[in-house]
Amino acid sequence: MNIQFRESTEAASPLTAKDAIKTAIADCDIHPARATRTELYPYLAKRWQHHLEVYGVHAYQGMMEGPPYPKAQPNASRRDAYPPEGGPQGSSLSFMQKQHLDPSNVQLGVLNPLNTGQGIRNHELSAALCSAINDWQIDKWTSKDKRLKASIVVGNEDGLAAAAEIRERAGDKNFVQVLLLSRNVEPLGQRRYWPIYQAAEEAGLPVGVHAFGFGGNPITPSGWPSYYIEEMVGHSQCQQSALASLVLEGVFERFPKLKMVMIEAGFGWAPSLAWRLDKVWQRLRSEVPHVKRPPSEYIREQVWWTTQPMEDPERREDLFDVIKWIGWDRLLFATDYPHWDYDEPSRVLPPGVSEANREAFYLGNARKLYGLTA
Amino acid sequence: MARHVIAPVDELPPGTRKFLEIDGRPIAVFNIKGEYFGLLNRCPHQGASLCEGPLIGLAQSKKPGEIEYTKLGEIIRCPWHGWEFDVRTGQSYCDPRRFRVKAYPAHVEPGTSVVKGPYVAETIPVRIESDYVVVEL
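Cut-offs applied
Residues numbered from 1 in each chain as written. Chains lettered and ligands numbered in written order. Predicted model: local features only at pLDDT ≥ 70, side-chain atom pairs only at ≥ 80, totals over all residues. Heavy atoms only, no water. Helix = DSSP H or I, 4+ residues; strand = E, 2+ residues; numbered from the N terminus. Rg over C-alpha atoms; globule rule 2.2 N^0.38 Å. Buried < 20%, exposed > 50% of the residue type's maximum accessible area, 1.4 Å probe, protein only. Contact = heavy atoms within 4.5 Å. Areas by Shrake-Rupley, 256 points an atom, 1.4 Å probe, with all protein chains shown as cover. Lys, Arg positive; Asp, Glu negative; His and termini not counted. Charge placed at Lys NZ, Arg CZ, Asp CG, Glu CD. Salt bridge = Lys/Arg side-chain N within 4 Å of Asp/Glu carboxyl O. Axes fitted to C-alpha atoms, helices over the stretch in contact; angles between N-to-C directions. Parallel < 35°, antiparallel > 145°, perpendicular 65-115°, else oblique. Nonpolar A, V, L, I, M, F, W, Y, C, P; charged D, E, K, R; others polar. Core = buried A, V, L, I, M, F, W, Y, C linked by side-chain atoms within 4.5 Å.

Undergrad: Honestly, the overall build of chain A in this entry has me stumped. Any pointers?
TA: Of regular secondary structure, chain A possesses 12 helices and nine strands. Taking 21 Å as the expected radius of gyration for a compact globule of 374 residues, we find that chain A reaches 21 Å, a close match to that expectation. For the C-alpha atoms alone, the extent of chain A along its principal axes is close to 85 × 55 × 45 Å. Within chain A, buried positions represent 57% of all 374 residues. In chain A, 79% of the contacts between residues at least 6 apart in sequence involve partners at least 24 apart. On chain A, roughly 16,600 Å² of surface is accessible, and the fraction owed to carbon and sulfur atoms is 52%. Taken as two groups, the 41 positive and 45 negative side-chain charges of chain A have centres that lie 3 Å from each other.

What follows is the structure in structure tokens.
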């Protein structure tokens, strides 16, 4: 009789150092979280600590009841990403290292904190919270793990305060980009946001536009949808509106050295948006004479795209066609760790990609864009 | 097909699961209402530790407005992307043509039959009287 007794083993992450992918990667969308509600207090003036205790924060949010998350999974995150010491997913550096950075061979990780001071109606509080988040990113993350780089979080609805925060952080090697969200009070190309682009361009920092945010508007152009699945799809619609606004308001024309990164909203829609913009621009260009070139040219020259959540068509050739239009030099690999729709590095890119394109996709493009060429 | 002793039955009561590595393969064994099922603990989609997800039911709808919720506690939901699999069969409800979790038969055998194995006798000689959950791999 062939029976063997087995000792129980801990349920471990499928990614262990043993089967780590060989390819070194950049992860251009990592979400660090606070372990406790008051974790930012050391970086906030007493005045704002008291304000938070008495009044809390008021976001531009249509739904008045309940937090926008958790959705789909606890905290919109992987169920296996709770740190052993407690706290929400993404709140422990040591666990992030053990579960993700080490086994995934992450050489560069770009932090994009959410639930910060962005989209808060009290602009002074917004600026204070954003500044606190930036100090916290250095203290808790980038100074403790040199692979990690932070995004400068800014109070997006107050362009001047945001620009001041960018100038304050400019030249600090802990930071590699400015972070905006796709859902704002107004479309992102409008003038109130221009000081942000000006300061970012001067500092030589790309501006990342991450899906989500609080603008007070429905996630879809046709109103509040019933289901979370509609919101997931709505993020790409928001991103398309933001990108069209950036082009048509003349942001790329006005700030020709500005680099934008579209984060977590897909990229399969990029060619058709650009084709449509080009077509209507040919007919209606007299309305926007400040847009001097076909919209697609600005998009191809000044926009980068993070991969997660990557489109996954039946035929991989369809994906390659889209990437060919965008350019293999424009994609930045991202996992979205620790969120539930995390992309596994070794499983995300279909076979049939040249070694040079693979390297650019996983690491080279990010290093170049963020000025971290090894 | 080798059979592997997983645990004495009283260590795996209904509603619980146990994670093991057998011949380098991550395996999870479930006790669902007194029946035992083994699954490969790796989601066929992107490789997550599938069985760390919650056990839920199966929501189906024959037509809009009518929702049937069945198989309560028999559907494992992947902790990453929420793909659903039937613990009894490994069947996918997302894309049954392409994705399926490898299922391994699991059942209970009397201690008197399993203790003849080469390792068991040395490891747990005092528990010969127990029944054991056994998975076939």
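After that view, the rundown keeps rolling.
Undergrad: Sorry if this is basic, but what is going on with unusual backbone geometry here?
TA: Note on backbone geometry: most residues besides glycine have negative phi, and most peptide bonds are trans. Residues and elements named next belong to chain A. A cis geometry characterises the amide bond from Gln308 onward to Pro309, with omega recorded as -5°. If you trace the backbone, Pro309 turns up in the loop between β8 (303-306) and α10 (316-326). The amide bond that connects Tyr337 to the next residue, Pro338, takes the cis arrangement and shows omega of 0°. As for its position among the elements, Pro338 is in the loop between β9 (331-332) and α11 (345-348).

Undergrad: It is not clear to me how the pattern of salt bridges should be interpreted in this structure. Could you clarify?
TA: A side chain with one charge can pair with a side chain of the opposite charge if their charged atoms come near. For the structure shown, the criterion picks out 25 salt bridges over all chains. Linking Asp318 of chain A and Arg315 of chain A is a salt bridge whose minimum nitrogen-to-oxygen distance equals 2.3 Å. By relative accessible area, which is 48% here, Arg315 of chain A ends up partly exposed. Several salt bridges converge on common partners, so that one network encompasses Lys33, Glu35, Glu74 and Arg88 of chain B.

Undergrad: Just to check I follow, could you spell out the packing of helix α8 (residues 270-284) of chain A against α10 of chain A for this structure?
TA: Each packed pair of helices is defined by two parameters, the angle between the axes and the distance between the axes. Residues and elements named next belong to chain A. The N-to-C vectors of α8 and α10 enclose an angle of 50°; their axes lie 9 Å apart at closest approach. What the angle tells us is that α8 and α10 run oblique. Listed contacts from α10 to Ala270, Pro271, Ala274 and Trp275 of α8 are Val322, Trp325 and Ile326. Split by residue class, the contact of α8 with α10 holds seven nonpolar, no polar and no charged.

Undergrad: What is the right way to look at the nonpolar core in this model?
TA: Nonpolar side chains in soluble globular proteins tend to be buried together. All names here are of chain A. The biggest cluster of nonpolar side chains holds 133 residues, and the ones touching the most others in it are Tyr197, Met260, Trp305 and Tyr370. If you tally residues by element for this core, the top one is helix α3 (residues 123-142), at nine residues. Beyond its immediate chain neighbours, meaning those up to four positions away, Tyr370 contacts Cys28, Leu108, Val110, Val176, Gln177, Pro206, Val261 and Leu332.

Undergrad: I keep staring at the environment of Ala2 of chain B and nothing clicks. Help me out?
TA: As for its placement among the helices and strands, Ala2 of chain B is situated in the segment before β1 (3-8). Between the C-alpha atom of Ala2 of chain B and that of Glu109 of chain B, which follows or precedes it by 107 residues, the distance is 14 Å.

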